[in-house]
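Remarks on the overall topology
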Amino acid sequence: MKPFGLYEPTTVDETVSLLGQLGDKAKLYAGGTELLLTMKSGLLHYDGLVNVKTVPQLAVLEASEELLTIGAAV
């Protein structure tokens, strides 16, 4: 597998900033088992992986009478 950067932001703002810097050369992931297997097989390559499981704001599950919020890492 080709080398790649692993990024673990802790805020949504940091995540957005990283994606802005890395552009299409990066991929978001939250677990990534299939993604890593595909990269190991040589079918995909990204210069960077951005782990959203390290962003607490994205692990929110909230419900009210009017709204259900499901974070991207739930």
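For the structure itself, consult the block above.
These remarks concern the structure in this document. (Residues numbered from 1 in each chain as written. Predicted model: local features only at pLDDT ≥ 70, side-chain atom pairs only at ≥ 80, totals over all residues. Heavy atoms only, no water.)

1. Re the overall build of the protein
Worth spelling out the cut-off: Runs of H or I in DSSP of at least four residues are treated as helices and runs of E of at least two as strands, each being numbered from the N terminus. Just to be clear, the radius of gyration here is over C-alpha atoms, and the globule rule we use is 2.2 Å times residues to the power 0.38. Throughout, exposure labels follow a simple rule: accessible area from a 1.4 Å probe, protein chains only, divided by the maximum for the residue type, with under 20% read as buried, over 50% as exposed, and the rest as partly exposed. Throughout, a contact is declared for two residues whenever any of their heavy atoms are within 4.5 Å. Using a 1.4 Å probe, accessible areas were evaluated by the Shrake-Rupley method; residue-level cover was limited to the displayed protein chains.
Across its full length, the protein holds two helices and five strands. Along the protein, helices (α) and strands (β) appear in the sequence β-α-β-α-β-β-β when read from the amino end. By the compact-globule yardstick of 11 Å for 74 residues, the protein is too spread out, its C-alpha radius of gyration being 14 Å. The proportion of buried residues among the 74 residues of the protein is 26%. In the protein, the share of contacts with a sequence separation of at least 24, taken over all contacts with a separation of at least 6, comes to 43%. Carbon and sulfur atoms make up 55% of the accessible area of the protein, which amounts to about 5,300 Å² in all.

2. Things to note about the pairing of strand E2 (residues 26-29)
To be explicit about the condition: By the convention used here, strands pair only if DSSP detects at least 2 bridges between them. Look down the strands so they point away from you; if the path from the first strand over the helix to the second goes clockwise, the crossover is right-handed.
Where E2 meets strand E3 (residues 48-51), four bridges bridge the pair, whose relative direction is parallel. Within the sheet, the bridge partner assigned to Lys 27 lies in E3 and is Leu 49. Considered for its hand, the β-α-β crossover made up of E2, helix H2 (residues 33-40) and E3 is right-handed.

3. Examining the sheet that holds E3
Defined as follows: To obtain each axis, a line is fitted to C-alpha atoms, and for helices this fit is confined to the stretch in contact; angles are then taken between N-to-C directions over 0 to 180 degrees.
Read across the sheet, three strands follow the order E1-E3-E2 without closing on themselves; strand pairing throughout is parallel. Each edge of the sheet is formed by a strand with only one pairing partner; in this case those strands are strand E1 (5-7) and E2. Direction aside, neighbouring strands of the sheet carry axes that sit 20° apart on average. Pairing of E1 with E3 involves three bridges; the strand directions are parallel. Within the sheet, the bridge partner assigned to Tyr 7 lies in E3 and is Val 50. With respect to the sheet, helix H1 (residues 12-22) is in contact with E1, E2 and E3, its orientation differing from that of E3 by roughly 170°.

4. Some thoughts on the nonpolar core
Short version of the rule: In plain words, nonpolar cores are sets of buried Ala, Val, Leu, Ile, Met, Phe, Trp, Tyr and Cys residues tied together by side-chain atoms within 4.5 Å.
Listed in full, the five residues of the largest apolar core are Tyr 29, Leu 35, Met 39, Tyr 46 and Leu 49. The contacts of Leu 35, once residues within four sequence positions are left out, are Lys 27, Tyr 29, Leu 44, Tyr 46 and Leu 49.

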